[in-house]
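# A structural walkthrough
Here is what each chain is made of, one letter per residue.
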Amino acid sequence: ADFKVNMHDLDSVLALGPAIPGGVDHVVICAGHSSFGDISRFDGKAWYENFHNKLLCVSRTALLLINGKELKLVRDGGSVTITSGLAARTTSRSWPAISANCAALDAFVRCAGIEAPRGIRLNAVAPTTVTETAEAAGQPTENTVPRAVVAAMYVESVLGTATGKTWLGGDPGAPKAFGEEVFNHLHGKKTDATAAAAAAAAASAPVAKPIIKAPAESTALVIGNGNIGSEVVRQLREKGFSKVHTADIAGGAPADFVCNMHDVSTLVALEKSLPDGVDHVVICAGHSTFGDISRFDATSWYDNFENKLLCVSRAAVLLINHKELKLLKDGGSVTITSGLAARTTNKMWPAISANCAALDAFVRCAGIDAPRGIRLNAVAPTTVTETAEAAGQPTENTVPRAVVAAMYVESVVGEITGKTWLGGDPGAPKAFGEEVFNHVHKKPKTAVVSLPSSPSAPRLKVRISSGAGETFGVDDIAVAAATSLGMWEAEGLDVEWVPARGGVKALECVLKGEVDVAYGTFAPVIAARARGEKTKVLASMARGLAQNLVVRKDKVPNVEALRGARWSVDGIGALSHNMASLVVEAVGTEVEWVVAGPPPERIAQLLDGRCDCCLVRVEEARALTREHAGTLTTLLGFGELHKMVPKQPHGVLSTTEHFLAASPEICGRLARGLVVASRVLHDSREMFHRAVRNHVKHVTPSDEEIRDIWLQEHSNGSFTVNGGMSRAHWSANLDMYYKLNPSSAGQRVDLDDLLASSFVKDALKVLGAHHNSSFDAPVE
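Helix and strand counts for the chain come out as 30 helices and 21 strands. Along the first, second and third principal axes, the C-alpha atoms of the chain reach 75 × 65 × 55 Å. Considering only residue pairs separated by 6 or more positions, the chain has 79% of its internal contacts joining residues 24 or more positions apart. Accessible surface, the chain: about 29,200 Å² in total, of which carbon and sulfur atoms supply 52%. Positive and negative charge centroids in the chain, built from 78 and 84 side chains respectively, lie 1 Å apart.

Okay, here's the thing in structure tokens:
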């Protein structure tokens, strides 16, 4: 291709603007892929990835092209044509992820295509299996469509005057060829014979049946105890349910338990609160964002899906599969909330309609023979009468909450699965405007709660050398936040920071007795231990790096040009060098290392030409490539680097055995405060934003950039919410270290000698485990 672009990576997409300075009249997106398979094949992370790989990246790119603010590429009056799929209009047990993606994209196009900004037209093509693809995969071609026929539909969209339309590229009835072989061939994947055989065996196994119990023998959990949820609770109790539990977000409606569906750990925590499980779960939660397409930027568009589609559907997947979340009993049911916007067309509802259409499609497919005999349904309410009244809006065509709640109850006590109850007339009531929408989705502010030390405990001073030098960035944000957001102060610690030039120098300061604790990468700690120094890791600061590879355009125009490039790092063996080495290995090239020092020095060398490329914190990369667009560009963004190097070096607090023995109280307070800071940053975008504004002074990222960075960090589990000290995590870290340093393999350090994990373990005894085990398992 003329240009390389990865739609997962916002920087990669935005780089197209400067790459084509004159712009284009039309953009056609024949990209994005879903995940094949029935619901049992997904865990929480894979489910999220499915939407990121198609719906989120494709629709976000279309939004940026249309609005012409962050990405100036499509000229006024042009067009954008995207690819959805016929799965939106079909029902198959193996297509819950595919169908949800395609249904959401069709709904997005239907609404966002109405009077889009700058006269841009927006359409979609929904292909069936293409004949040539089926042939290449060795599959039957019956009911497939030649690619020339499908391609002609994209061309018709480009050359015509239609907008808001989806061309159907075949018969919505699935061709025989559309199975896993074709799907994997299409997306460059190899079919795993073992996995395919297991899936076939599972498909042919007897299907578990729902267990219908009398209400007096049944228990239920209602998540979202607001206007509708509280009425569902009342009606279930009226039916005679033996127990109906409630859960809501912190600061939300009164409830038995706190639950925030963005955070899997709060769902998993319900296991301990409800050790016997429940028979039914009703989710009256999740919210979309109101407004036409011009009101969104890249970050707020992602937030819209995160706040409803992603968190609600993921909760349903986890409940049904019973692996990561063991709460719902066999033969029970899950009822979620979608919305009538899935069936309507309105310029102001592209985000709402896409969320609801995806949830309906998900239920339609995933409800077929779901694992463990679980039934899955949805209710799609219109505006509830009581809500319209409370917001001071007209009640015409609204529906009383008791009527809507009865639909949830019917789903719970009945035998139906895969159904969406329509809670009103799909024609929007007059009341459904921004006033009602804002009234329904008022958000409580997240409070920061730290664990204060005993009032009688004396304040203790600790000196910490910072390998980040004079500045903190997003990569250092947990230790920075522990200081500025008051977590260590609440622990009775007075922290004195001493700048050092990289992680190696930071640890040297400890060994020389100049400071008590070092903050830097773990590699120097392992190296020091191997040569006989009594160094230990106290706690992990993060689980990876939030960095981009920034290059000089005149020296490194593409990945191939990295060979022989001058790559600046803090120091040999420092964090930046370790991460860079892993990237170089993943690319399969060789570079010349240039020792420059901490980030400011690396950036200075990049700007004046003393080096050709370097890893730069994401917030700095955004600012640098924006301010020096003629000189610098992002070659590999955060998302690409994460896929290339899934296991990354990261920062730690480290010290000596002598200090651990002499000052255990300080070490305990440091570990507790850092875990609390990590949890606050993971749970609250607001607190992350505050921490970035407190510490990132060398560049000024926009609010939108900060939101996007938080979402990436949050979604990838970068924060060590349980201290990052599990043996599995550190065994992998040691493997990485010796892979980077093969000459040291004969002196492999023992984990028990390296880790002072007792302090994090004691912190978790006080704080409780965060249960974010899919990313950061608690220390054993």
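On to the packing of helix α20 (residues 575-587) against helix α28 (residues 727-740). The geometry of α20 relative to α28 is characterised by a closest axis approach of 11 Å and an angle of 75 degrees between their N-to-C directions. The orientation of α20 with respect to α28, classified from their angle, is roughly perpendicular. Here N578, S581, L582 and E585 of α20 lie close against α28, whose contacting residues are M736, K739 and L740. Residue composition of the contact of α20 with α28, grouped by class: three nonpolar, two polar and two charged.

Take the packing of aromatic side chains next. Centre distance and the angle of the planes are the two values used to describe a pair of aromatic rings. Under the counting rule described, the total for this entry stands at twelve aromatic pairs. Summarising the aromatic geometry, the rings of W301 and F305 are spaced 5.2 Å apart at their centres and angled 85 degrees between planes, so their arrangement reads as edge-to-face. One end of the pair is W301 and the other is F305, both in helix α11 (residues 298-321) and four residues apart, which spans about a single turn. Both residues of the pair, W301 and F305, belong to the buried class.

Here the focus is the pairing of strand β10 (residues 375-381). A large share of β10 lies buried, amounting to seven of its seven residues. Covered by surrounding structure in β10 are R375, N377, V379 and P381 together with L376, A378 and A380, the residues of both alternating faces. The pairing of strand β9 (residues 328-337) with β10 spans five bridges and is parallel. Bridge pairing in β10 links I336 to A378. Examined bridge by bridge, β10 and strand β11 (residues 420-423) share four bridges and lie parallel to one another. Considered in β11, the bridge of V379 is made with W421.

The buried fraction of strand β5 (residues 219-223) is high, at five of five residues. Alternating residues of β5 divide into T219, L221 and I223 and A220 and V222, and every residue in both groups is buried. Bridge count for β5 against strand β6 (residues 243-248) is five bridges, and the pairing is parallel. Within the sheet, the bridge partner assigned to L221 lies in β6 and is H245. Running through helix α9 (residues 227-238), the crossover from β5 to the neighbouring parallel element β6 is right-handed. With four bridges connecting them, β5 and strand β8 (residues 278-283) associate as parallel partners. Across the sheet, the residue bridging to A220 is H280, located in β8.

Turning our attention to the pattern of salt bridges. Tallied over the full model, the rule gives 28 salt bridges. The partner of E491 in a salt bridge is R672, and the shortest N-O contact between them spans 2.8 Å. Remark: R672 occurs in helix α25 (residues 664-683) and E491 occurs in the loop between α17 (487-490) and β13 (493-499); sequence separation between them is 181 residues. For the salt bridge of D752 with R727, the shortest nitrogen-to-oxygen distance reads 2.9 Å. You can see D752 sitting in helix α29 (residues 751-754) and its partner R727 sitting in helix α28, a full 25 residues away along the chain.

Below, the discussion takes up α9. Counted at 1.5 Å a residue, the expected span for α9 with its twelve residues is 16 Å, and the 17 Å between its end C-alpha atoms agrees. All of the buried residues in α9 are I228, G229, E231, V232, V233, Q235 and L236. For α9, the elements touching its buried residues are β5, β6, β8, β10 and α14 (401-413). Immediately downstream of α9, the backbone of G240 shows phi near 100 degrees, a positive value.

If you check which residues of helix α18 (residues 503-511) are buried, you get G503, A506, L507, C509 and V510. Mapping the buried residues of α18 onto a view down its axis gives an arc of 150 degrees, with all of them on the same face. Close packing links the buried residues of α18 with β12 (460-466), β14 (517-521), α19 (523-530), β15 (535-540) and β21 (651-656). One or two positions beyond α18, positive phi appears at G513, with a value near 80 degrees.

The nonpolar side chains of a soluble globular protein tend to be buried with one another. Of all hydrophobic cores here, the largest spans 182 residues; its most connected members are I82, F108, I336, F362, W567, L670 and F688. A total of 14 residues in this core trace back to one element, the largest contributor, which is α11. The contact partners of F362, leaving out residues within four places of it in the chain, are I39, W47, P96, A100, S313, A316, V317, I336, G367 and L376. Ranked by size, the runner-up nonpolar core spans 20 residues in total, among them A220, V282, C284 and V404.

We now examine the sheet that holds strand β7 (residues 257-258). Here we have seven strands laid out as an open sheet, ordered β7-β6-β5-β8-β9-β10-β11, and parallel in their pairing. Looking at the sheet topology across the chains shown, the edges are occupied by β7 and β11. When β6 meets β7, the two strands line up parallel, connected through two bridges. Of the residues in β7, the one forming a bridge with D248 is V258. Across the face of the sheet, α14 comes into contact with β8, β9, β10 and β11 while running at roughly 170 degrees to β10.

The next point concerns unusual backbone geometry. In this model, D369 sits at a positive phi of 45 degrees, which is unusual for a non-glycine residue. Relative to the helices and strands, D369 resides in the loop between α12 (350-366) and β10. By relative accessible area, which is 37% here, D369 ends up partly exposed. Phi angles above zero are rare outside glycine, and N397 is one such case at about 70 degrees. Structurally, N397 is set in the loop between α13 (385-390) and α14. Relative accessible area serves as the criterion here: at 44%, N397 is assigned to the partly exposed category.

Here we take up the side chain of D776. As for its position among the elements, D776 is in the segment after α30 (758-767). Note on D776: relative accessible area 2%, which makes it buried. Among the polar contacts made by the side chain of D776, one reaches the main-chain amide nitrogen of N722 at a distance of 2.6 Å. Ignoring anything within four residues of it in the chain, the contact list for D776 reads R543, F719, T720, V721, N722, G723 and G724.

Pairing within the open sheet is mixed, and its five strands lie in the order β13-β12-β14-β21-β15. The open sheet is flanked by β13 and β15, the only strands paired with a single partner. Mean inter-strand twist for the sheet, computed between neighbouring axes without regard to direction, equals 30 degrees. On top of the sheet, α19 reaches β14, β15 and β21; it is set at about 155 degrees to β15, its chief contact.

So, how was this worked out
Residues numbered from 1 in each chain as written. Predicted model: local features only at pLDDT ≥ 70, side-chain atom pairs only at ≥ 80, totals over all residues. Heavy atoms only, no water. Helix = DSSP H or I, 4+ residues; strand = E, 2+ residues; numbered from the N terminus. Contact = heavy atoms within 4.5 Å. Areas by Shrake-Rupley, 256 points an atom, 1.4 Å probe, with all protein chains shown as cover. Lys, Arg positive; Asp, Glu negative; His and termini not counted. Charge placed at Lys NZ, Arg CZ, Asp CG, Glu CD. Axes fitted to C-alpha atoms, helices over the stretch in contact; angles between N-to-C directions. Parallel < 35°, antiparallel > 145°, perpendicular 65-115°, else oblique. Nonpolar A, V, L, I, M, F, W, Y, C, P; charged D, E, K, R; others polar. Phe/Tyr/Trp six-rings, centres within 6.5 Å; stacked < 30°, edge-to-face > 60°. Buried < 20%, exposed > 50% of the residue type's maximum accessible area, 1.4 Å probe, protein only. Pairing = 2+ DSSP bridges. Right-handed = clockwise from strand over helix to strand, strands pointing away. Salt bridge = Lys/Arg side-chain N within 4 Å of Asp/Glu carboxyl O. Expected span 1.5 Å × (residues − 1). Arc of directions from axis to C-beta. Core = buried A, V, L, I, M, F, W, Y, C linked by side-chain atoms within 4.5 Å. Polar contact = N/O pair within 3.5 Å; in protein donor to acceptor, adjacent residues only side chain to side chain.

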